[in-house]
Amino acid sequence: METDEAQRVLPFQLQFDKPVASQIKIAEWNPEKDLLAMVTEDSKILLHRFNWQRLWTVSPGKSITSLCWRPDGKAIAVGLEDGTVSLHDVENGKLLRSLKSHGVAVVSLNWEEDGQMNKDEQGSISTYEDRTPHYFPPPPRVPRMPGLVSGDTGFIDDSEDSFRELSNSSQQRFNILCSGDKDGFICFSIFGIFSIGKINIHNFFVPTLLMDTKAECRLQNASVHKVALSKDLCHLIVICSGELSEDRKESENRSMTQHGVRGLHCTVLDTSIFWKRKNELHQVAQQASNIEELVEVIRASLSVMHKQWSDAMHTFHEKFDSLSNLIIDNGLDSCPQEEFLSLLGGARTSPAVHQFLVNSLGEVGVKRVSKAVCGAGKELQLIVLNHLQPAAEIIAFRMGELRGLSRWRARYQGIGLDEALINNATEKAGMILIQVERFIRVLSTVVQQFSNFFNWLLKCIKLLMSEPSDHHLLPYNSELVVIFLKFLYDQDPVKQLLEASEADDHIEVGLETMQRVKELVQFGGFSDFEYLQRTLAKEFQQVESSFKEAFRMPFTTISRKILCGDLLPLCPLPPSSASLSSTIPMSVSYYKSQHMLLDYISFQIPDGSFSGVSNCIGIVRGFMHDSISVKRGYTSLEAVLLCVPGGYCCADLSLYKESQIVLLLNETTATSESSGNASMMIVQVNDLPFVSISRSTGLNYWKLHQLEDSVFHLQMENEKVRSIPHSVIAPLAVSSSRGVACVFAARKRALVYILEEDEDEVSDAE
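Residues numbered from 1 in each chain as written. Predicted model: local features only at pLDDT ≥ 70, side-chain atom pairs only at ≥ 80, totals over all residues. Heavy atoms only, no water.

- Per an unreviewed UniProt entry, the recorded name for the protein is Anaphase-promoting complex subunit 4, and the organism is Prunus persica.

The following block contains the structure:
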């Protein structure tokens, strides 16, 4: 007997038994590399190689509630408790982008890419070429200047090359990032950075089949637990918990709502719009996502410029405002400008000006203020030339591309690319270029005026300090000094152009000038002739508003085209624990079967859900195919109930490779969390006795209840099983591409197994 057991080939080989610093609550294998991302209880992200070498650790500062990899394995999406989805670089964990799509915790993430090559209407391979690099240098990045904290805008600093890789979506296959929150909202974003849809599962109604009655079912107080987009992007399966209500229309003017018990449900959403319009969506997302990134560059540039100039002018006023007090102390009725004009025209100083220039300001003070103001002016000019202006130019070009697409109404109107909105945004993009050119001219003039004023003061101070105070100064007749004292001494046109004030301030422009501008812009075909009255900051606000309005239309249009295909009540949830559904092991995956995708939904049935069912796992397949698909020969809805062997309970489960499921089982005889043994089992799903079940929907009609009399009992000796000398906890992370599993023991240990003796494949990966 011992000989037979020794000769038995174990389905798993233990590779590592390693300690972990803190208990792990989430774990996901990289789809392309030998990397394991883990989230600890204190919300730190750890990235390890297969040999357990730690690459980096990142702490977002907020509670992490979900995790998933980009399909190419180069970025990782992290769902946070406050509803933010952040993208991190696989190389160093740096923040690439943050997207606030939800208002509450993001509990599930799924990132899928189109597995088929894009083809045009003639059937030939269609590739999208981004023409921007042919006409422009690489796009500018967020300026690195004092006062801007790296990551404030959701971008990394410009020393990282991964930002450009993330934004270079033209080199990526079309992909969709799905996120679900605990309030029942599901969001979609292309490339993980361009929001393209948002739906609420409470708003979906599913027709029911009841005798002589028209009725609809919908979920109330629902919370999403798992989202899984099919590999062809046509269906999204959502496992959620909530109360199923039924609205019956008894007559034309009378309806009755009947509420059911809270339970675990599964819905399938029709997302075929992503597949049908993937070429159009790819092109729009490419342009729009890059525009949004460049808008962030402009916003950060304006913020940095405003702070740089405000700091410089604070230094100026800190020194020169003291002259007003000196004038008052000396009993004079003049103002600083008049005193400086008297010094300039009469070459004679009053006691207040003499004291200010010689004692308060001095030669060193003038040089320091001059360096601060003129240096800030040069910094602003560099920011405009290296960041602000290039970003505005590329935005204008990309809006022109979108304008051309919007005129192809047959293809692009269906995804919400509105020609009128795009035209308006294109005009605003042109106006920001005009305002940038205007700002450069104003800034150059102001800096020149300040420089001339400081040079004059410096000469005056040198003469006053080298000769008696009652001696006449040499005349210094300068028109620039007069202009400066009259217009710039107590005014700041640069700050006015940069400051985004809430007040309705505008730049005064003569009526004659306005009339001339109106004639010119009408001659040019534009509608906006009030741009001269707006500051650069207000122009940017209008540009940003027009972009949001234009890109909101595709978002709204796609959201309306995501429909509910079916609803499957899985099992009632015991009322004893309101949060029980969040701890139920569950998994959703898609396999290819006879040239079609077949979905598998696995979950543990809570004890007490059905009177005749205990310690069972439910597996449902073929759910995403509706009744029309079934008539065309697709798989009908099938299910099976698996009874876990006596003395064990399911800690976690995961679908693995083609039609296999891995179960993580704990002995129930353990007296404490750290004692007892566990087992890992592989079940061949194709060998299970699936039973076809009804697709009709009705209130409190739990379809799996039909299988109470045909439960399939798993046997430890009949399945592939490996014993684990510890009790274990979730998560169970399984890599389908590399045949590797990682389970976590209760004593803060990570057990890494190779499944089905695929160690050669994994060794190559190292």
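Now that the structure has been shown, the text picks up again.
## A look at the packing of aromatic side chains
- Scanning all chains against the criterion turns up 27 aromatic pairs.
- Ring centres of phenylalanine 316 and phenylalanine 320 lie 4.6 Å apart, and the angle between their planes is 25 degrees; this geometry places the pair in the stacked category. Of this pair, phenylalanine 316 and phenylalanine 320 both sit in helix H5 (residues 278–320), four residues apart, roughly one helical turn.
- For phenylalanine 320, a relative accessible area of 1% corresponds to the buried category.
- Ring geometry for phenylalanine 450 against phenylalanine 484: centres 4.9 Å apart, planes inclined by 75 degrees, an arrangement best described as edge-to-face. Here phenylalanine 484 lies in helix H11 (residues 479–488) and phenylalanine 450 lies in helix H10 (residues 419–466), a separation of 34 residues in the sequence.
- The exposure class of phenylalanine 450 is buried, given its relative accessible area of 2%.
- A relative accessible area of 0% places phenylalanine 484 in the buried class. (Phe/Tyr/Trp six-rings, centres within 6.5 Å; stacked < 30°, edge-to-face > 60°. Helix = DSSP H or I, 4+ residues; strand = E, 2+ residues; numbered from the N terminus. Buried < 20%, exposed > 50% of the residue type's maximum accessible area, 1.4 Å probe, protein only.)

## Topic: the sheet that holds strand E8 (residues 84–89)
- Within the open sheet, the four strands sit side by side as E6-E7-E8-E9. Their pairing is antiparallel. On the outer flanks of this sheet lie strand E6 (64–69) and strand E9 (95–100), each paired with one strand and no other. Strand-to-strand twist across the sheet, computed as the mean angle between neighbouring axes with direction ignored, equals 20 degrees.
- Bridge count between E6 and strand E7 (residues 75–80): five bridges; the pairing is antiparallel. What sits directly across from cysteine 68, in E7, is alanine 77. (Pairing = 2+ DSSP bridges. Axes fitted to C-alpha atoms, helices over the stretch in contact; angles between N-to-C directions.)

## Regarding the packing of H5 against helix H8 (residues 351–406)
- With their axes 8 Å apart at the nearest point, H5 and H8 run at an angle of 170 degrees to one another. Considered as vectors, H5 and H8 are oriented roughly antiparallel to each other.
- Considering only residue class, the contact of H5 with H8 consists of 30 nonpolar, ten polar and five charged. (Parallel < 35°, antiparallel > 145°, perpendicular 65-115°, else oblique. Nonpolar A, V, L, I, M, F, W, Y, C, P; charged D, E, K, R; others polar.)

## Quick notes on the pattern of salt bridges
- For the structure on display, the rule yields 18 salt bridges.
- A salt bridge links glutamate 363 to lysine 367; the shortest N-O distance between them is 3.4 Å. Highlighted residues: glutamate 363 and lysine 367, both in helix H8, separated by four residues, approximately one helical turn.
- We classify glutamate 363 as partly exposed; its relative accessible area is 27%.
- Across the pair arginine 409 and glutamate 419 runs a salt bridge whose closest N-O atoms are separated by 2.7 Å. (Salt bridge = Lys/Arg side-chain N within 4 Å of Asp/Glu carboxyl O.)

## What about H11?
- Listed as buried for H11 are Val481, Phe484, Leu485 and Leu488. Looking down the long axis of H11, one finds its buried residues gathered within 120 degrees of arc, a one-sided arrangement. Exposed residues pointing more than 90 degrees away from the buried face of H11 are listed as Glu479 and Lys486. (Arc of directions from axis to C-beta.)

## So, the sheet that holds strand E28 (residues 720–724)
- One open sheet accounts for four strands, arranged E23-E24-E25-E28; its pairing is antiparallel. Looking at which strands have only one partner, the edges of the open sheet turn out to be strand E23 (648–656) and E28. With strand direction ignored, the average angle separating the axes of adjacent strands in the sheet is 20 degrees.
- Of the pairings in the sheet, the one linking strand E25 (residues 678–684) to E28 comprises five bridges and is antiparallel in character. Bridge pairing links isoleucine 682 to lysine 720 in E28.

## So, the pairing of strand E3 (residues 35–40)
- In terms of residue burial, E3 counts as a mostly covered element, since six of its six residues are buried.
- Going residue by residue along E3, you find Leu35, Ala37 and Val39 tucked away on one face and Leu36, Met38 and Thr40 tucked away on the opposite face as well.
- The sheet contact formed by strand E2 (residues 24–29) and E3 spans five bridges and is antiparallel. The residue bridging glutamate 28 from the neighbouring strand is alanine 37, located in E3.
- Connecting E2 to the antiparallel partner E3 that follows it, the hairpin turn spans five residues.
- In this structure, E3 lies alongside strand E4 (residues 45–49), joined through five bridges in antiparallel fashion.

## Re the packing of H8 against helix H14 (residues 536–560)
- At a closest axis distance of 14 Å, the pairing of H8 and H14 adopts a crossing angle of 30 degrees. Overall, the two elements H8 and H14 adopt an arrangement that is roughly parallel. Of the two possible hands of crossing, H8 and H14 adopt the one that is left-handed. Side by side, H8 and H14 meet where Leu388, Ile395, Met399 and Leu402 of the first sit next to Leu536, Phe547 and Phe551 of the second.
- Class assignment of the residues belonging to the contact of H8 with H14 gives a composition of seven nonpolar, no polar and no charged. (Left-handed = near helix turned anticlockwise from the far one by under 90°. Contact = heavy atoms within 4.5 Å.)

## Quick notes on the pairing of E8
- For E8, the tally of buried residues reaches six of six residues, placing the bulk of the element in the interior.
- Residues Thr84, Ser86 and His88 point to one face of E8 and Val85, Leu87 and Asp89 to the other, with burial holding for every one of them.
- Across five bridges, E7 lies against E8 in antiparallel orientation. Across the sheet, residue alanine 77 finds its bridge partner in E8, namely leucine 87.
- Between E7 and E8, which pair antiparallel one after the other, the connecting turn spans three residues, and glycine 83 there sits at a positive phi close to 95 degrees.
- Strand direction decides the pairing type here: E8 and E9, joined by five bridges, are antiparallel.

## Quick notes on the nonpolar core
- If you look at the biggest cluster of nonpolar residues, it comprises 123 residues, and the most contacted ones within it are Phe274, Phe320 and Phe340.
- It is H8 that contributes the most residues to this core, 20 residues altogether.
- Among the nonpolar cores identified, the runner-up in size contains 33 residues, and Ile584, Met624, Ala639 and Ile693 belong to it. (Core = buried A, V, L, I, M, F, W, Y, C linked by side-chain atoms within 4.5 Å.)

## Some points on the environment of serine 679
- Turning to its location among the elements, serine 679 is positioned in strand E25.
- Given the relative accessible area of 2%, serine 679 is considered buried.
- Serine 679 has contacts with Tyr648, Leu663, Leu664, Leu665, Met716, Val721, Arg722, Ser723 and Ile724, leaving out every residue within four places of it along the chain.

## Digging into unusual backbone geometry
- A cis geometry characterises the amide bond from alanine 730 onward to proline 731, with omega recorded as 15 degrees.
- Positive phi values are uncommon outside glycine, yet serine 43 reaches one of about 60 degrees.
- The residue serine 43 is located in the loop between E3 and E4 in this model.
- For serine 43, a relative accessible area of 7% puts it in the buried group.
- The phi angle at asparagine 615 is positive, at roughly 55 degrees, despite the residue not being glycine.

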